[in-house]
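Structural overview for review
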Amino acid sequence: MINWTDKLSPQVKSIPPSGIRRFFDLVSEMKGVISLGVGEPDFVTPWHVREACIYSLEKGYTMYTSNWGLLELREEIARHLYNNYKVAYEPRNEVLVTVGVSEGMDLALRALLAPGDEVLVPEPCYVSYAPCTSMAGGTPVPILTSAENDFRVTAAEIKEKITPKTKVIILSYPNNPTGATISREELMEIAKVVKKHDLVVISDEIYDKLTYEGEHTCFASLPAMKNRTILLNGFSKAYAMTGWRLGYACGHPEVIAHMTKIHQYTMLCAPVTAQMAALEALQNGTDEMLKMVAEYDRRRKLVLKGFSEIGLSCFEPKGAFYAFPSIKNTGLSSEEFAERLLMEAKVATVPGSVFGVNGQGHIRCSYAASVENLTEAIDRMDKFLKKLSFCGEEACG
Amino acid sequence: MDKKDREILELLENNSRLRYEQIAAMLDMDQTEVENRVKELEEKRLIVKYHSLINWEKAGQETVSALIEVKVTPQRGSGFDDIAERIYRFPEVKTVYLMSGSYDISVLIEGKTMKEVAFFVATKLATVEEVQGTATHFVLKKYKQEGVILEDKEDDRRLVISP
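Parameters at a glance
- Residues numbered from 1 in each chain as written.
- Chains lettered and ligands numbered in written order.
- Predicted model: local features only at pLDDT ≥ 70, side-chain atom pairs only at ≥ 80, totals over all residues.
- Helix = DSSP H or I, 4+ residues; strand = E, 2+ residues; numbered from the N terminus.
- Rg over C-alpha atoms; globule rule 2.2 N^0.38 Å.
- Buried ≥ 20, exposed ≤ 12 C-beta atoms within 10 Å, placed from the backbone.
- Contact = placed C-beta atoms within 7 Å.
- Domains from an automatic or database assignment.
- Expected span 1.5 Å × (residues − 1).
- Pairing = 2+ DSSP bridges.
- Right-handed = clockwise from strand over helix to strand, strands pointing away.
- Arc of directions from axis to C-beta.
- Axes fitted to C-alpha atoms, helices over the stretch in contact; angles between N-to-C directions.
- Core = buried A, V, L, I, M, F, W, Y, C linked by C-beta atoms within 7 Å.
- Nonpolar A, V, L, I, M, F, W, Y, C, P; charged D, E, K, R; others polar.

Once that is clear, we can look at the overall build of chain B. Along chain B, the regular secondary structure elements total five helices and six strands. Counting helices and strands in the order they occur from the N terminus, chain B gives α-α-α-β-α-β-β-α-β-β-β. For chain B, whose C-alpha radius of gyration is 21 Å, the value lies well above the compact-globule estimate of 15 Å for 163 residues. Along the first, second and third principal axes, the C-alpha set of chain B runs to 60 × 40 × 25 Å. Residues classed as buried in chain B amount to 15% of the 163 residues present. Restricting to contacts in chain B with at least 6 residues of sequence separation, those with at least 24 account for 56%.

Below you can see the structure in the form of structure tokens.
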């Protein structure tokens, strides 16, 4: 008998499994649940994109591509970034096509980190940043952003956590799970700190198109920041292409070359079918993308109004497709609240604590769901909250 | 009509059962304002009718539809309009369009049987004085109607919880 416990890497063993897992198992066994727990669009990929992919298969596009990705796609990505943010990347050596932002994040961290290097991770944030940092040999240093500031990280909060070992800061706006966005002015302040302390920024901007108020600022477009930034983005959210697993990383040729080295040995290249589809999405997908964004915006308003009417306090998310209401006044922890909401009202959400300790007291609600389901979910939550507060007063179980 | 009206119309076109309060929330408007605007849109007949798209075939109700190409001689003064009116007044006629190309008026007729539809064409449509000729095409299967794929109810295939 082989003893796997002895064989497994201690470093990987020390990383806790995602807190979402337990919830997933709970939900899977239940019927009649309305889920606000999904971190992906409720649209299927627009047909013209799927059709272009089918056509590419018919034409026999089934081979490896360059490690960097199809040049045509990289050119389109560069054009797209220039048109949107006036940041100019050279498609030949500053753009790498990755298997989603997930791979891009892993590559960036592995290309940068030496043992002991510290990575500043403003929380709450997407679940992978800290574990990927650890697996790359670095030390994640959480910055607990405050609910009072709508969870936007400030230059002052960053400064406080900087040590001689700090090498990288991860920014992710619009933010999953809070829906927070950040203004150009605030980013300029952060840029000053970044420059002063000679940091590298990994900017995960996968939700950039899903900005409902104000304009998204690409961090790399700030003065002098392009060469210090690894910009990560992809097709999952804007074009409803999560399952295609396609993203890209842009940055200084030297760091992109290092990332490509890891990518070439571990991934070789992103799937060509997905690359062909992404090309179509960039070339002809803007109209449908904007329609989806308009639809999310309407649902966002519906959910915010609904939450305010049932007495769930929630700061106004201005990006992504999440609302992050506070459930502190119920006296329950995020996990307790989410679990009871699921069991008693059949609404699935994700406990905020999964995304960082300061997510405690919040739940993440995705409004990438139909208007009918959102309305019904808010109704159920209303009844649940009333029952909770009644029981609170009467001290029943 | 302004941007708000357009947005209300877009929402209702897609789902006429949306409640005023839902529309108000989604468009960041006052509920009374939405009600007033909808009333006005109804009065102006920008909103013509609220209806449901029914898959009668699935309901086991046999109906026959036919698309009829009609060639007509336009009249001095009214062009095609009077002829079109003579045709669209018949309740069996569901849709009437004036077309460019090799024929003039496109008529969609619904009836209970093929014979009934054919009879209608022969006795009512072909006999209109200005009608030069008709060509009847029976509908064999409806795949998509009013932007909706009839058979295709795509399930939500997403994981119930994902990060």
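Anyway, onward from the coordinates.
A separate point is the domain arrangement of chain A. Residue and element names in this part refer to chain A. Taken domain by domain, chain A holds domain 1 (4-45 + 287-386) and domain 2 (60-285). In this structure, domain 1 and domain 2 have C-alpha centres spaced 24 Å apart. With 36 residues of domain 1 at the contact, the number on the domain 2 side is 36 residues. Of all the secondary structure elements, the ones that give two or more residues to the side of domain 1 that touches domain 2 are helix H2 (10-13), helix H12 (286-309) and strand E9 (322-323). Per element, the largest residue contribution to the side of domain 1 that touches domain 2 is seven residues, and it comes from H12.

We now examine helix H4 (residues 47-58) of chain A. End to end, H4 of chain A covers 16 Å across 12 residues, agreeing with the expected 16 Å (1.5 Å per residue, within 8%). At the exit of H4 of chain A stands Gly-60 of chain A, carrying a positive phi of roughly 90°.

Let's shift gears to the pairing of strand E4 (residues 139-144) of chain A. All names here are of chain A. For strand E3 (residues 118-123) and E4, the ladder comprises six bridges, and the chain directions are parallel. Across the sheet, Pro-122 pairs through a bridge with Ile-143, a residue of E4. Note that the unit made of E3, helix H7 (residues 129-135) and E4 has a crossover that is right-handed.

Our next topic: unusual backbone geometry. Residues and elements named next belong to chain A. Pro-124 follows Glu-123 through a cis peptide bond whose omega is 5°. Mapped onto the secondary structure, Pro-124 falls in the loop between E3 and H7. Residue Pro-174 is bonded to the preceding Tyr-173 through a cis peptide linkage, with omega at -10°. Note on placement: Pro-174 falls in the loop between strand E5 (166-171) and helix H9 (184-196). At Ala-224, a residue that is not glycine, the phi angle is positive and equals roughly 65°. Ala-224 gets classed as exposed once you count the C-beta atoms within 10 Å, which come to 11.

Before going further, it helps to spend a moment on helix H13 (residues 334-345) of chain A. Each turn of an α-helix holds 3.6 residues, which means side chains three or four residues apart point in the same direction. Residue and element names in this part refer to chain A. For H13, with 12 residues, the first-to-last C-alpha span of 15 Å sits near the 16 Å given by 1.5 Å per residue. Every buried residue of H13 is accounted for by Ser-334, Phe-337, Ala-338, Leu-341, Leu-342 and Ala-345. Angular distribution of buried residues about the axis of H13 spans 125°; they occupy a single face of the element. The positive-phi residue at the C-terminal boundary of H13 is Lys-346, with phi of around 55°.

Residues and elements named next belong to chain A. A sheet is described by the order of its strands in space; here seven strands give the open sequence E2-E8-E7-E6-E5-E3-E4, paired in mixed fashion. For this open sheet the edge positions go to strand E2 (95-98) and E4, each flanked by a neighbour on one side alone. Neighbour-to-neighbour, the strand axes of this sheet turn through a mean angle of 20°, independent of strand direction.

All right, on to the nonpolar core then. Grouped together as the largest cluster of nonpolar side chains are 127 residues, with contacts concentrated most on Ala-108 and Ala-249 of chain A. Residues within four places of Ala-108 of chain A in sequence aside, it is in contact with Ile-202, Ile-230, Leu-232, Ala-249 and Met-259 of chain A. With 12 residues, the next largest nonpolar core counts Val-72, Val-117, Phe-120 and Val-121 of chain B among its residues.

Moving on: the interface of chain A and chain B. At the interface, 25 residues of chain A touch 13 residues of chain B. Residues of the side of chain A that touches chain B, tallied by class, amount to 13 nonpolar, seven polar and five charged.

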